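Understanding the architecture of this molecule
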Amino acid sequence: MKYIYYGIIFLITCENLQAYLEDFLFQFKRPVTVLEITGTQQCNSLSYAHRYKGVFVLLCQSEKIDTLKKKVQDYSNSVLLHPKEFSTSSLVQLASCEHFDVTLVHDWLVLDKNPYILSALLTLGDYLIIDVSVGYVDRFLTEEQKEKIFYQESLGQGKERIYFKNLKTSLGKARWCMSSNAQSHQPSYTIVSTFTEKKLIKGSHKKTSDWVPGINLVTAIMLNVVYPTNEVLRSNIKKFLSIDHNDPVIGNMIVQGKRVKLIDFDDSRRNADHEKCLKAALKLFTWLHRPKDPYTAIQKYSEYVHN
């Protein structure tokens with residue numbers, strides 16, 4: 001009887017936790033980009049993917065992802081990343097070129113080993129939600145970081161969930177792989193983000209456009225994208241052959257799950273060979289197995305474009 005009682009309490013607690021997280025996500029009246037970082041094949045955000053507009057990016061560091069790979073294929077708006085390595089420097093790179101509305105972190109050994117990595121996690125976007133051991137806040141957070149907490153709840157079994165608000169208003173660079181020279185000549189990228197709208201303001205002329213949810217295809221390659229598959233990516237890229245764009249490089253493609261979208265039309269700085277760029281992109285995804293080193297894959301793509 002005692003076990004039944006505790007089981008009921010556990011179920012009620014789980015429902016309450018899910019309810020608060022769902023209420024929080026429900027505040028977004030526009031498409032969102034959610035990043036979930038975990039060391040297991042258990043991805044909580046998939047329970048929302050069917051019901052929310054936007055893109056759900058799963059970064060899984062579990063050794064085995066076969067179960068998760070099968071699961072994400074049932075969702076049109078999910079991306080699965082399985083990087084061989086994901087260090088603090090990788091996290092910093094990710095934050096420099098991507099903007100996530102909500103980042104969820106749980107069951108991630110990197111955070112347990114290096115609790116101070118929170119500083120980097122906070123730079124990923126506007127809201128960070130992490131599952132940590134009780135006492136984490138008092139032991140490892142600065143006063144400034146504590147001030148960013150807007151909600152805190154117990155998960156039981158010595159765990160708690162912490163909600164941070166840290167509005168991110170700009171990008172450091174356009175894409176993951178950029179030379180220092182290219183980065184120094186790029187325009188500024190300012191982000192205006194609320195629950196109802198998200199805008200990108202580019203350059204001194206302040207060209208404003210609606211933010212496109214998802215992640216850059218270059219980012220996906222660098223973090224070993226598992227889904228969408230090569231086949232899905234190629235199918236999308238082939239469609240771009242009939243779309244007029246003066247710079248259809250992979251850095252101007254946003255992965256949204258089963259769909260890839262072209263961005264940055266009519267950039268006055270560009271006049272690329274449309275067909276050559278797209279054929280290079282298609283060639284990049286013909287391999288059954290991509291190069292183990294993602295930088296090698298990007299380098300090969302660059303050679304295809306410029307040869």
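Every value quoted in this text rests on a predicted model; they were computed, and no experiment measured them.

What counts and what doesn't
Residues numbered from 1 in each chain as written. Predicted model: local features only at pLDDT ≥ 70, side-chain atom pairs only at ≥ 80, totals over all residues. Heavy atoms only, no water. Buried < 20%, exposed > 50% of the residue type's maximum accessible area, 1.4 Å probe, protein only. Helix = DSSP H or I, 4+ residues; strand = E, 2+ residues; numbered from the N terminus. Pairing = 2+ DSSP bridges. Axes fitted to C-alpha atoms, helices over the stretch in contact; angles between N-to-C directions. Core = buried A, V, L, I, M, F, W, Y, C linked by side-chain atoms within 4.5 Å. Contact = heavy atoms within 4.5 Å.

Another aspect to go through is the pairing of strand E5 (residues 125-133). The element E5 is extensively covered by neighbouring structure, given that eight of its nine residues are classed as buried. Summarising the sheet, strand E4 (residues 100-106) and E5 pair through five bridges and their orientation is parallel. Opposite Phe-100, over in E5, you have Gly-125 as the bridge partner.

The subject of this paragraph is the sheet that holds strand E3 (residues 78-81). Reading across the sheet, the eight strands line up as E6-E7-E5-E4-E1-E2-E3-E13 and stay open at both edges, with mixed pairing between neighbours. For this open sheet the edge positions go to strand E6 (149-156) and strand E13 (225-227), each flanked by a neighbour on one side alone. Mean inter-strand twist for the sheet, computed between neighbouring axes without regard to direction, equals 20 degrees. The sheet contact formed by strand E2 (residues 54-60) and E3 spans four bridges and is parallel. Across the sheet, residue Leu-59 finds its bridge partner in E3, namely Leu-81.

Spatially, three strands are ordered E12-E14-E15 in an open sheet, and the strand pairing comes out antiparallel. One side of each edge strand has no neighbouring strand; the edge strands of this open sheet are strand E12 (215-216) and strand E15 (260-262).

Let us look at the nonpolar core. Counting 61 residues, the largest nonpolar core has Leu-121, Ile-250 and Met-253 as its most contacted members. No other element matches the six residues that helix H12 (residues 274-284) contributes to this core. Setting aside anything within four residues of it in sequence, one finds Met-253 in contact with Ile-215, Asn-216, Leu-217, Ile-237, Phe-240, Pro-248, Val-260, Lys-261, Leu-262, Leu-278 and Ala-281. The next biggest cluster of nonpolar side chains, apart from the first, holds 27 residues, and it includes Val-102, Leu-104, Tyr-227 and Val-232.

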